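Residue strings, one per chain:
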Amino acid sequence: MTRIEEVAARALEKVNNNRYILSNLLFARVKELSLGAEPLVPKDVKKDKLTDIAMLEIAEGKIILEKIEGKPLS
């Protein structure tokens with residue numbers, strides 16, 4: 001398993017193995033990064049892919065989804 005596959009597997013675990021939630025969380029974070037948000041992991045937005053940065057942030061628990069439309073995720 002390559003490094004990015006390991007990171008993706010850890011990120012998926014952080015969202016209870018829900019690929020839909022992971023893809024939406026990734027999309028939202030990539031948008032923030034593309035608009036100038038600072039990465040929460042030691043990566044360079046000019047050298048690294050934004051999706052890889054966002055995936056690593058989720059895998060490390062730096063980005064979490066607490067609720068959807070006012071409903072807690074549990």
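These lines cover the structure that appears in this document, whether it is placed above or below. (Residues numbered from 1 in each chain as written. Predicted model: local features only at pLDDT ≥ 70, side-chain atom pairs only at ≥ 80, totals over all residues. Heavy atoms only, no water.)

1. A look at the nonpolar core
Ranked by internal contacts, the top residues of the largest apolar core, which has 18 residues, are Ala 11, Val 15, Leu 22, Leu 26, Met 55 and Ile 58. Those elements that place two or more of their residues in this core are α1 (3-14), α2 (19-34) and α3 (50-59). In contact with Ala 11, other than residues within four places in its own chain, are Leu 22, Met 55, Ile 58 and Ala 59. (Core = buried A, V, L, I, M, F, W, Y, C linked by side-chain atoms within 4.5 Å. Buried < 20%, exposed > 50% of the residue type's maximum accessible area, 1.4 Å probe, protein only. Helix = DSSP H or I, 4+ residues; strand = E, 2+ residues; numbered from the N terminus. Contact = heavy atoms within 4.5 Å.)

2. Section: α1
Given 3.6 residues per helical turn, the α-helix brings residues three or four places apart onto the same face. End to end, α1 covers 17 Å across 12 residues, agreeing with the expected 16 Å (1.5 Å per residue, within 8%). Among all positions in α1, only Val 7, Ala 11 and Leu 12 are buried. For α1, the buried positions fall inside an angular range of 140° around the axis, keeping them on one side. As for α1, its buried residues are in contact with α2 and α3. Phi turns positive one or two residues past the end of α1, at Asn 16, with a value near 55°. (Expected span 1.5 Å × (residues − 1). Arc of directions from axis to C-beta.)

3. Looking at the pattern of salt bridges
In total, this model carries 2 salt bridges according to the counting rule given. Taking the shortest distance from any N to any O, the salt bridge between Glu 32 and Arg 29 comes out at 2.8 Å. One end of the pair is Glu 32 and the other is Arg 29, both in helix α2 and 3 residues apart, which spans about a single turn. Exposure remark for Arg 29: the relative accessible area of 6% places this residue in the buried category. The salt bridge involving Arg 29 is made with Glu 57; its shortest N-O contact spans 2.6 Å. Of this pair, Arg 29 sits in helix α2 while Glu 57 sits in helix α3; the two residues are 28 residues apart in sequence, bridging distant segments of the chain. This pair shows no difference in class: Arg 29 is buried, exactly as Glu 57 is. In this structure, a network of salt bridges that share partners links the residues Arg 29, Glu 32 and Glu 57. (Salt bridge = Lys/Arg side-chain N within 4 Å of Asp/Glu carboxyl O.)

4. Some words on the side chain of Arg 29
A polar contact is formed between the side chain of Arg 29 and the backbone oxygen of Glu 38, at a distance of 3.0 Å. Every residue in contact with Arg 29, bar those within four places of it in the chain, is listed here: Ala 37, Glu 38, Pro 39, Leu 40, Ala 54, Glu 57 and Ile 63. (Polar contact = N/O pair within 3.5 Å; in protein donor to acceptor, adjacent residues only side chain to side chain.)

5. A look at the side chain of Glu 57
Exposure remark for Glu 57: the relative accessible area of 0% places this residue in the buried category. Among the polar contacts listed, one links the side chain of Glu 57 to the backbone nitrogen of Leu 40, at a separation of 2.7 Å. Residues contacting Glu 57, with those up to four places away along its chain left out, are Arg 29, Leu 33, Glu 38, Pro 39, Leu 40, Val 41, Lys 62 and Ile 63.

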